[in-house]
Amino acid sequence: GAMIAHLKNPGKYTSVSAFAPIVNPVQVPWGEKAFKGYLGSVDAGKEYDSTELVKKYAGPKPTILIDQGTADGFLYNQLKPENFAAAAASVNYPVQLRMQPLYDHSYYFIATFMRDHVDHHARSLGLRPKL
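Because the structure is predicted, anything quoted here is derived from the model rather than measured. (Residues numbered from 1 in each chain as written. Predicted model: local features only at pLDDT ≥ 70, side-chain atom pairs only at ≥ 80, totals over all residues. Heavy atoms only, no water.)

Peer 1: Lay out the nonpolar core in plain terms, naming residues and giving numbers.
Peer 2: Side chains of a nonpolar character, in soluble globular proteins, are inclined to be buried together. Residues Met3, Leu7, Val54, Ile64, Phe84 and Tyr93 are the most contacted members of the largest nonpolar core, which totals 15 residues. Taken together, the elements giving at least two residues each to this core come down to helix H1 (2–8), strand S1 (16–19), helix H3 (50–55), strand S2 (64–69) and helix H5 (81–90). Excluding residues that lie within four positions of it along the chain, Leu7 makes contacts with Ser50, Leu53, Val54, Tyr57 and Phe84. (Core = buried A, V, L, I, M, F, W, Y, C linked by side-chain atoms within 4.5 Å. Buried < 20%, exposed > 50% of the residue type's maximum accessible area, 1.4 Å probe, protein only. Helix = DSSP H or I, 4+ residues; strand = E, 2+ residues; numbered from the N terminus. Contact = heavy atoms within 4.5 Å.)

Peer 1: Go over the environment of Ser15 with me, naming the residues and quoting the values.
Peer 2: With respect to the helices and strands, the residue Ser15 is situated in the loop between H1 and S1. Look at Ser15 and you get buried, because its relative accessible area is 13%. Along the sequence, Ser15 and Ser41 sit 26 residues apart, while their C-alpha atoms lie 31 Å from each other. Residues within four places of Ser15 in sequence aside, it is in contact with Pro62, His120, His121 and Ser124. Only 2.4 Å separates the side chain of Ser15 from the side chain of His121, close enough to count as a polar contact. (Polar contact = N/O pair within 3.5 Å; in protein donor to acceptor, adjacent residues only side chain to side chain.)

And the structure:
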């Protein structure tokens, strides 16, 4: 959601981050089912796919922070963060993809790294010094 909002609205958001986002839904079973059911085709879902959107993004490029647990049961068959990272790299869009060892898709994963995301946004807004 946050990444799609940012990528569809160039210049509107100063920073963006996400926890275990579904970044390439046109390439995974969940997205195929959802897009066919709700939009009529997988191809129509490209407008809601961060990996597709970053390829054609034209606007300011604040670093996107993504945290992903390596023990997330959805990682390899539904989330595909490596697809997004590769697409972003191909258009020189800065992404910090942090693969967090042994974390899954739970509340504890988000709670553990939430402060980093708050700091990321605060730095982007100039409220904390850059690292």
